[in-house]
Amino acid sequence: GLELLNYIFRGILDLDELEQIGQGSIFLSGDVQGYLKDTLPVVQVSGGAENIGFRVKAIQKDVTDISFTLQASNGNKLDFSDAYLKVENFGATFPEGDINANISIYNVLLPELKVELKGEADLLGMEKMLGLDILSGMDGRVALEGDLEGSIDRDSGRILNRQGFLLAELDQVGFLLA
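About the cut-offs
- Residues numbered from 1 in each chain as written.
- Predicted model: local features only at pLDDT ≥ 70, side-chain atom pairs only at ≥ 80, totals over all residues.
- Heavy atoms only, no water.
- Helix = DSSP H or I, 4+ residues; strand = E, 2+ residues; numbered from the N terminus.
- Buried < 20%, exposed > 50% of the residue type's maximum accessible area, 1.4 Å probe, protein only.
- Contact = heavy atoms within 4.5 Å.
- Lys, Arg positive; Asp, Glu negative; His and termini not counted.
- Charge placed at Lys NZ, Arg CZ, Asp CG, Glu CD.
- Polar contact = N/O pair within 3.5 Å; in protein donor to acceptor, adjacent residues only side chain to side chain.
- Phe/Tyr/Trp six-rings, centres within 6.5 Å; stacked < 30°, edge-to-face > 60°.

Caption draft 1: Seen up close, the overall build of the chain. Helices and strands together make up the secondary structure of the chain, namely 2 helices and 9 strands. Each principal axis of the C-alpha atoms in the chain carries an extent, and together these give about 55 × 40 × 30 Å. When each of the 178 residues of the chain is scored for burial, the buried share is 29%. Put simply, of all contacts in the chain between residues at least 6 apart along the chain, 49% involve residues at least 24 apart. Here the chain carries 14 positive and 29 negative side-chain charges, and the mean point of each set is 4 Å from the other.

Here it is, written out as structure tokens:
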């Protein structure tokens, strides 16, 4: 289970600092239909995770109850304009906090993004879990709530046609830059 999450989150999490705990499960299934000619064979994947957990070794704290469902497809258009990725009912419990989210991305050509997010977490030791060598001494609490939607301009990285909101509440947040 943790090996698949390591692959998905490589570059985001410091994998040397994590140790799998608990008896959760990850499941995947897929299907390929069609031929490569004027269209692509359609690859559809569905899956998810139930009650995955890991311990952050450096701070001896656990992230538990990681669960989500996943649906993805490349679509059949050669430009991937009908490809999509949906992660629904993502949830995780952090030391002194939690997060819940739904994320959808459609059309790789001009990506359309929808994110629903709600959570809060204590930041103590978070830099160790994320493998952020440029930060140290993270402390305080962050609460987030948002419902965002828009298209992403791949050249500039800017979000176009933005709708929604993102609220962030920072309580006694502190850190040192290395």
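More follows now that the structure is in view.
Caption draft 2: Representation of the side chain of Asn107 in the model. Counting through the fold element by element, Asn107 comes out in the loop between β6 (97-106) and β7 (112-122). Judged by relative accessible area, which is 14%, Asn107 ranks as buried. For Asn107, the side chain forms a polar contact with the main-chain nitrogen of Leu109, separated by 3.0 Å. When residues no more than four places from it in sequence are discounted, the contact partners of Asn107 are Phe80, Ser81, Ala83 and Glu112.

Caption draft 3: Up close: the packing of aromatic side chains. All told, the structure shown has 2 aromatic pairs when counted by the stated rule. Here Tyr84 and Tyr106 contribute two aromatic rings whose centre-to-centre distance is 6.1 Å and whose plane-to-plane angle is 35 degrees, an arrangement assigned as tilted. In this pair, Tyr84 is assigned in strand β5 (residues 84-94) and Tyr106 in strand β6, connecting sequence segments 22 residues apart.

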